[in-house]
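Chain by chain, the residues run as shown.
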Number of protein chains: 2
Amino acid sequence: MSQTPDSAVRTYIQQHRAAFLDDLTEWLRIPSVSAQPDHADDVRRSADWLAAKLRETGFPTAEIWPTAGAPAVYAEWPSGDPDAPTVLVYGHHDVQPAAREDGWNSEPFEPVVRGNRLYARGAADDKGQVFFHTLGVRAHLAATGRTAPAVNLKLLIEGEEESGSPHFRTLVEEHADRLTADAVIVSDTGMWSEDTPTVCTGMRGLAECEIRLYGPDQDIHSGSFGGAVPNPATVAARLVAALHDDHARVAIPGFYDGIVELTDRERALFAELPFDEESWLRTAKSYATHGEAGHTTLERIWARPTAEVNGIGGGYQGPGSKTIIPSSAMVKLSFRLVAGQEPDRISKAVRAWAESLVPAGIRSEIAFTGSTRPCLTPLDHPALQSVVRAMGRAFEQPVRYTREGGSGPAADLQDVLGAPVLFLGISVPSDGWHAPDEKVELDLLFKGVETSAYLWGDLAGTWRRAR
Amino acid sequence: MSQTPDSAVRTYIQQHRAAFLDDLTEWLRIPSVSAQPDHADDVRRSADWLAAKLRETGFPTAEIWPTAGAPAVYAEWPSGDPDAPTVLVYGHHDVQPAAREDGWNSEPFEPVVRGNRLYARGAADDKGQVFFHTLGVRAHLAATGRTAPAVNLKLLIEGEEESGSPHFRTLVEEHADRLTADAVIVSDTGMWSEDTPTVCTGMRGLAECEIRLYGPDQDIHSGSFGGAVPNPATVAARLVAALHDDHARVAIPGFYDGIVELTDRERALFAELPFDEESWLRTAKSYATHGEAGHTTLERIWARPTAEVNGIGGGYQGPGSKTIIPSSAMVKLSFRLVAGQEPDRISKAVRAWAESLVPAGIRSEIAFTGSTRPCLTPLDHPALQSVVRAMGRAFEQPVRYTREGGSGPAADLQDVLGAPVLFLGISVPSDGWHAPDEKVELDLLFKGVETSAYLWGDLAGTWRRAR
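Numbering of residues starts from 1 in each chain and follows the order in which that chain's sequence is written. Just so you know, chain letters begin at A and ligand numbers begin at 1, following the order they were written in. It should be noted that, the model being predicted, local features are given only for residues of pLDDT at least 70 and side-chain atom pairs only at 80 or more, the latter also being counted only at that level, while totals for whole chains, interfaces and linings use all residues. Heavy atoms throughout the structure, all of them, feed into the side-chain values; hydrogens and water do not.

S.K.: What's the story with the environment of A:Leu413 in this structure? I'm lost.
M.R.: Residues and elements named next belong to chain A. Locating leucine 413 in the fold gives a position in helix H12 (residues 410-417). Judged by relative accessible area, leucine 413 falls into the buried class, the value being 0%. Separated by 367 residues in the primary sequence, leucine 413 and serine 46 have C-alpha atoms spaced 23 Å apart. By definition, residues are in contact when any of their heavy atoms lie within 4.5 Å. Setting aside residues no more than four positions away along its own chain, leucine 413 makes contact with Leu88, Tyr90, Leu156, Phe168, Val172, Val184, Gly418 and Ala419. In this text, helices come from DSSP runs of H or I with a minimum length of four residues, and strands from runs of E with a minimum of two, each type numbered from the N-terminal end. Here the term buried applies to any residue with accessible area under 20% of the maximum for its type, exposed to any over 50%, and partly exposed to those in between, with areas from a 1.4 Å probe on protein chains only.

Encoded structure:
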């Protein structure tokens, strides 16, 4: 599957490496945390920075697209060839919350290179993987002598991915005319490992909710009243405990209805990957595997739906003790979805299930805070095969297939634009997405640049636009 | 059961009412929160203040007794009569944590009178109920013309009750020679209501623990790893959910072994009280009753053991969402115990139960943070009957019997000193112990003063010391 690399591309990248890293570092300094309202200005600043940088790169059009929440950045660079396919690259410029005291070894928004790694919130998820396309397209032009890319290149870089993309669907629908594309390239996933380049063929969906439970009007004395009134923290715990049955299957009625089960061929492809559970556990910083009975770890994280509690809180959490029945408690839950599961239907099932478990005397508020549909690409799609070839040239290695356990709003693009969704990512599991000390491997980042540089020519040469 | 009040006592109390309230207010301003290390100086200041005030009251001896934690205050005032019984009054000068933002209508440590109520943390639990003895003994002397109380009066006012009295047993054992008494009067309980004076005949015990659960070494991405490794917040929730069975009985193996069941007479005495569940629920600020099947609400809060979660926490609790598997979670549990349950045995049962529920890959730390033994007084004890008569004179009403659902270290005094434990309290359920807007009813506070003024003479007159 590997192809011959292009020395002109490699030379160009080498010459522009330092400036590229300086620019990326500048962008990573902007704490564009979409989940925290006090960072709203930073998210806007991040969008402005990117739009300006894309114009500098050569995109004739680079615009800020406002939403009811955080703004997206849209850019386009027409090929000039009427038969060239149109490709829309998707990514996001917002990042997860991060604070030094969460366990970071350096400030999350002061990027630093240690060894051959760049550490910063967003280094891999997703600024690094958006930004490699800027040098990639310049290298493509330099190596081919073109003045415009071989494909009609569009970029849509949203600002709310880490908050569940609440306005993304609307944004895509509003601008559907300008976003039309023959294929969507999602640049927000990872590959198997430093040594095993892979392309991803599917992504899980996501439904998130927060459940607040209210008991007594105020904290009350557990000696005077304990044992005789319902405790909202107990109810919160019972909800979380009821998420799974004894086989670690999600116990919400209807949860598995209609899901697309793995084929034997897909299970075999998963099983062929050089998976070492011990080293996977080290990457997961965990000490045991635990999950749905009857499935391997890879099946559990890529192709099975899950329920996890992301946060739980209620009552006294400070030092010492406080013998109270708390007035309220809350849980934050997230559900990863696979093909065949619609977030709306899952949300209804979760609501009905939760309400059925709340006893008399406890008031509940259930809010669904974001959702993303799952998606899957056929293994034999011609554009997917272009990605595999471009990546093979960059890595000089065969490229294998994976899926992604995380979630992105790619399915909205698929639905609204009617275009297949492909995934191109160079992040590795140890990059620490959503965790302290997030980083990107610099060698892989530049393989991403190189893949981007090869991809547009391969796509234009092998796949003509639909008429 | 009511007796004739004494006009000399009432006149004396009326004359000294304002000064008494000024003094109590001064004491309540000291935020003697024993659970919070940054208030350690305040707890010491509270002890110093009280010792000085007891000397001013007339106690020839008033000392600070240090412990490995917060200091206690000890005072004694001999009767001079070789046949007089010795009574040890127990109370505490430390208070629960309190902050304005918890829902207080005024600063918790800036006492304020609204209506006929004094609002402050500690107003009822327990500074007000300790302090009424100071004016009580002065009124007793003024009305009887004595220069020393009719009984040998001792006070032991500890500083760690709200932290589970971790050093109280040691303190009592160290000073057992000086603490010898014929009866212990616990001045840290309540009565039925403003209209129904009662004496309490027993108090539940308490065992408290904090369980910390550690999963991944850091928060990890719920998309990349969710569904395949154990989540410590799920384990925390499953522990809390497993505390009770479907009949709201505590499901920890061995928990109910050996408990003293209620007699038919006690159940009948409980049932005779003017209990109105709707108004009790209002006092509990709650919207439904919920508890062990087969028992009334009064039985549940006074005579049945319970398990409650006082706090639970893990993962992301801020605004918005963060799709992680948290690195750790914790629960704070408390168990109310009844006669027949030893805290040490219960702690062992809780530890074994909790450890059995922690799956592979999760590390647990279980710390027992404090315990108190339960105790019960025989209904026909002569000293208990003195308390009933003194209270009847003050209130000019018959006095009934209750128990107390809360816990105090009274059983340690019973065990070490070999003395029966009696309970005298004028607090009412609406006083908001451990809650925002804690207060004491001023009318009842002065009935407490009056009861104290009658009690020493009644005890000395009807019950001679054991030889």
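S.K.: Please clarify how the sheet that holds strand E14 (residues 363-372) of chain B should be interpreted in this entry.
M.R.: Between any two strands, at least two bridges found by DSSP are needed for them to pair. With respect to topology, 8 strands assemble into an open sheet ordered E14(A)-E9(A)-E13(A)-E11(A)-E11(B)-E13(B)-E9(B)-E14(B), the strand pairing being antiparallel. The outermost strands of the open sheet, each flanked by one partner alone, are strand E14 (363-372) of chain A together with E14 of chain B. With strand direction ignored, the average angle separating the axes of adjacent strands in the sheet is 20°. Two elements, strand E11 (residues 306-315) of chain A and strand E11 (residues 306-315) of chain B, share 5 bridges in a ladder whose sense is antiparallel. Opposite A:Gly315, over in E11(B), you have B:Gly311 as the bridge partner. In this description, a line fitted to the C-alpha atoms serves as the axis of each element, helices being fitted only across the stretch in contact, and the angle between N-to-C directions of two axes falls anywhere from 0 to 180 degrees. Of the strands in this sheet, strand E9 (205-214), E11 and strand E13 (328-337) of chain A together with E11 of chain B are in contact with helix H6 (residues 232-241) of chain A, which crosses E13(A) at around 15°. Of the strands in this sheet, strand E9 (205-214), strand E13 (328-337) and E14 of chain B touch helix H10 (residues 343-357) of chain B, which is tilted by about 160° from E14(B).

S.K.: Honestly, the UniProt feature "domain: Peptidase M20 dimerisation" (unreviewed entry) in chain A in this entry has me stumped. Any pointers?
M.R.: UniProt positions are given in the numbering used here, feature names are shortened, and annotations may be inferred rather than shown by experiment. Here, the residues flagged by UniProt with the feature "domain: Peptidase M20 dimerisation" (unreviewed entry) are residues 202-359 of chain A. Between the C-alpha atoms that bound residues 202-359 of chain A the distance is 40 Å, and the span itself is 30% helix and 23% strand.

S.K.: Would you mind going over the sheet that holds strand E5 (residues 117-119) of chain B with me for this structure?
M.R.: Two strands in a sheet stick together by hydrogen bonds in their backbones, pointing the same way (parallel) or opposite ways (antiparallel). All names here are of chain B. Ordered in space as E4-E5-E18, the 3 strands form an open sheet in which the pairing is antiparallel. Strands at the two margins of the open sheet, each flanked by one partner only, are strand E4 (112-114) and strand E18 (439-441). Each neighbouring strand pair of the sheet contributes to a mean axis angle of 25°, computed without reference to strand direction.

S.K.: Would you mind showing me how to read the packing of helix H1 (residues 7-28) of chain B against helix H13 (residues 442-462) of chain B here?
M.R.: All names here are of chain B. At a minimum axis distance of 11 Å, the contact between H1 and H13 shows a crossing angle of 120°. What the angle tells us is that H1 and H13 run oblique. By crossing handedness, the relation of H1 to H13 is classed as right-handed. Facing H1, whose interface residues are Val9, Arg10, Ile13, Arg17, Phe20, Leu21 and Leu24, H13 presents Leu442, Leu445, Phe446, Lys447, Val449, Glu450, Ala453 and Tyr454. The labels follow the angle: roughly parallel below 35 degrees, roughly antiparallel above 145, roughly perpendicular from 65 to 115, and oblique for the rest. The crossing is said to be left-handed when, going from far helix to near helix, the turn is anticlockwise and less than a right angle, and right-handed when the turn is clockwise.

S.K.: Is there a simple way to explain the packing of aromatic side chains in this structure?
M.R.: Given two aromatic rings, their pairing is described by the distance between the two centres and the angle made by the two planes. Aromatic pairs are defined between Phe, Tyr and Trp rings, using the six-membered ring for Trp, whenever the two ring centres lie within 6.5 Å; interplanar angles under 30 degrees are classed as stacked, those over 60 as edge-to-face, and all others as tilted. In this structure the tally under the stated criterion is 30 aromatic pairs over all chains. Here the aromatic rings of B:Trp192 and B:Trp302 are separated by 5.9 Å at their centres, their planes lie at 75°, and the arrangement is edge-to-face. Here B:Trp302 lies in helix H9 (residues 297-302) and B:Trp192 lies in the loop between strand E7 (183-186) and strand E8 (198-203), a separation of 110 residues in the sequence. Of note, A:Arg249 hangs over the ring of A:Tyr256, and the distance from its end group to the ring centre comes to 4.1 Å. Geometrically, a lysine NZ or arginine CZ counts as sitting over a ring once it is within 6 Å of the ring centre and also within 35 degrees of the ring normal.

S.K.: Just to check I follow, could you spell out the state of the cysteines for this structure?
M.R.: Throughout this description, disulfide means a covalent bond between two cysteine sulfur atoms. Cysteine sulfur atoms that come within 2.5 Å of each other are treated as a disulfide pair. Applying the stated criterion across every chain yields a total of 0 disulfides over all chains. Looking at the unpaired A:Cys375, the closest cysteine sulfur is the one in A:Cys200, lying at 8.0 Å.

S.K.: Just checking my understanding: could you explain the interface of chain A and chain B for this structure?
M.R.: You'll often see interface size given as the accessible area lost when the parts meet. Counting residues at the interface gives 84 residues for chain A and 85 residues for chain B. Throughout, buried area stands for the accessible area (probe radius 1.4 Å) lost by two parts on being put together, summed over both. Between chain A and chain B lies a buried interface of about 7,000 Å² when both sides are counted; carbon and sulfur atoms form 52% of it. Between Lys or Arg on one side and Asp or Glu on the other, a salt bridge is scored when a side-chain nitrogen of the former is within 4 Å of a carboxyl oxygen of the latter. Counting across the interface, chain A meets chain B through 1 salt bridge. Where B:Lys322 meets A:Asp102, a salt bridge forms, and the shortest distance between an N and an O atom there is 3.9 Å. For this analysis, a polar contact is any N or O atom pair within 3.5 Å, provided that within protein one partner can donate a hydrogen and the other can accept it, and provided that sequence-adjacent residues contribute only side-chain to side-chain pairs. Between chain A and chain B we count 39 residue pairs in polar contact (both at pLDDT 80 or more) in total. Elements that contribute at least two residues to the side of chain A that touches chain B include exactly E9, strand E10 (220-221), H6, helix H8 (277-283), helix H9 (297-302), E11, strand E12 (324-325) and E13 of chain A.

S.K.: Explanation requested: the side chain of A:His295 in the structure shown.
M.R.: Residues and elements named next belong to chain A. The topology assignment puts histidine 295 in the loop between H8 and H9. Looking at histidine 295, its side chain comes within polar contact range of the side chain of glutamate 299, at 3.0 Å. Discounting residues that sit within four places of it in the chain, histidine 295 has contacts with Arg267, Arg300 and Arg304.

S.K.: Would you take a moment to explain the relation of the copies chain A and chain B for this structure?
M.R.: Laying chain A over chain B is done by rotating through 180° and shifting 0.0 Å along the axis; what remains is an RMSD of 0.1 Å. Classification of the inter-copy transformation places it as that of a two-fold axis. Superposing copies: least-squares fit, C-alpha atoms only, residues required to have pLDDT of at least 70 in both.

S.K.: Explain unusual backbone geometry here, please?
M.R.: If a residue is not glycine, its phi is most likely negative; likewise, a peptide bond is most likely trans. The peptide bond linking A:Asp125 to A:Asp126 adopts the cis configuration, its omega dihedral lying at 10°. One non-glycine residue, A:Ser165, adopts positive backbone phi at about 50°. Tracing the backbone through its elements, the reader meets A:Ser165 in the loop between strand E6 (152-158) and helix H4 (168-174). Given the relative accessible area of 6%, A:Ser165 is considered buried. A positive phi angle, close to 50°, is found at B:Lys285, a residue other than glycine. Within the element layout of this structure, B:Lys285 appears in the loop between helix H8 (277-283) and H9. Relative accessible area serves as the criterion here: at 32%, B:Lys285 is assigned to the partly exposed category.

S.K.: Sorry if this is basic, but what is going on with the domain arrangement of chain A here?
M.R.: Residue and element names in this part refer to chain A. Partitioning chain A into domains gives domain 1 (7-203 + 375-462) and domain 2 (205-259 + 305-372). These domain limits were set by an automatic method or by a database of domain assignments. Distance from the C-alpha centre of domain 1 to the C-alpha centre of domain 2: 35 Å. Between domain 1 and domain 2, the contact holds 9 residues from the first and 9 residues from the second. Taken together, both faces of the contact between domain 1 and domain 2 bury some 580 Å²; the carbon and sulfur share is 48%. On inspection of domain 1 and its partner domain 2, the count reaches 0 salt bridges. On inspection of domain 1 and its partner domain 2, the count reaches 2 residue pairs in polar contact (both at pLDDT 80 or more). When its residues are assigned to classes, the side of domain 1 that touches domain 2 shows 3 nonpolar, 6 polar and no charged. For this scheme, ten residues count as nonpolar: Ala, Val, Leu, Ile, Met, Phe, Trp, Tyr, Cys and Pro. Four count as charged, namely Asp, Glu, Lys and Arg, and the remainder, Gly too, count as polar.

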